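The lines below spell out each chain.
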Amino acid sequence: MRRYTRQNLLKRGRLLAHTYIVYFIFEGDPQSPNFKPLYIGCTGSFYWRMVKHRRKITPKAKIYIKEFTIKAEALQYEKRCIKAWQPALNIKYNTWWQYDLIG
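In what follows, the accompanying structure is described. The model shown is predicted, which means the values in this text are computed figures rather than measured ones. (Residues numbered from 1 in each chain as written. Predicted model: local features only at pLDDT ≥ 70, side-chain atom pairs only at ≥ 80, totals over all residues. Heavy atoms only, no water.)

### Focus: the pairing of strand β2 (residues 20-26)
Summarising burial for β2: 6 of the 7 residues are buried, a large majority. By the bridge criterion, 7 bridges tie β2 to strand β4 (residues 62-68) in an arrangement that is antiparallel. Along β4, the bridge assignment pairs I21 with E67. In this sheet, strand β3 (residues 37-43) lies alongside β2 in antiparallel orientation, the contact comprising 6 bridges. (Buried < 20%, exposed > 50% of the residue type's maximum accessible area, 1.4 Å probe, protein only. Helix = DSSP H or I, 4+ residues; strand = E, 2+ residues; numbered from the N terminus. Pairing = 2+ DSSP bridges.)

Printed below as a string of structure tokens:
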């Protein structure tokens, strides 16, 4: 996975148009023991998703992305990551009975 800031992503957004991206929004110090993502998502339009999440992204936030060429693979990866990490802002999918709503 690669790490980007919000400004980098907005510049690169148009270049990532033909891929599906699973993204992780982290905040805080990577060396701390409770460092976990605030939000995990999957999108085909990465630029507009970052515009939508502008309130979740602060200047200190770190965004990691993983690119996929097949949508089903990206959705499965997102599902596994949400189950494993249980991010704070993915409230909709953090309960066991809602995991099947993803992909």
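### Focus on the environment of F24
Take F24: it is sitting in strand β2. The buried category is assigned to F24, whose relative accessible area is 2%. Here the alpha-carbon distance between F24 and Y64, two residues 40 residues apart in the chain, equals 5.1 Å.

### Details of unusual backbone geometry
The bulk of non-glycine residues show a negative phi, and the bulk of peptide bonds are trans. Not every positive phi belongs to a glycine, and Q86 is a case in point at roughly 45°. Here Q86 shows up in the segment after α3 (71-85). Of the residues examined, Q86 reaches a relative accessible area of 39% and is grouped as partly exposed.

### Description of the nonpolar core
Formed by V22, F24, F26, F35, I40, C42, Y64, F68, A74, Y77, C81 and I82, the largest nonpolar core amounts to 12 residues. It is α3 that provides the largest number of residues to this core, a total of 4 residues. Leave out the neighbours within four places in its chain, and I40 touches V22, Y23, F24, E78, C81, I82, W85, P87 and N90. Ranked by size, the runner-up nonpolar core spans 10 residues in total, among them I21, Y39, F46 and M50. (Core = buried A, V, L, I, M, F, W, Y, C linked by side-chain atoms within 4.5 Å. Contact = heavy atoms within 4.5 Å.)

Read these as geometric descriptors, not functional statements.
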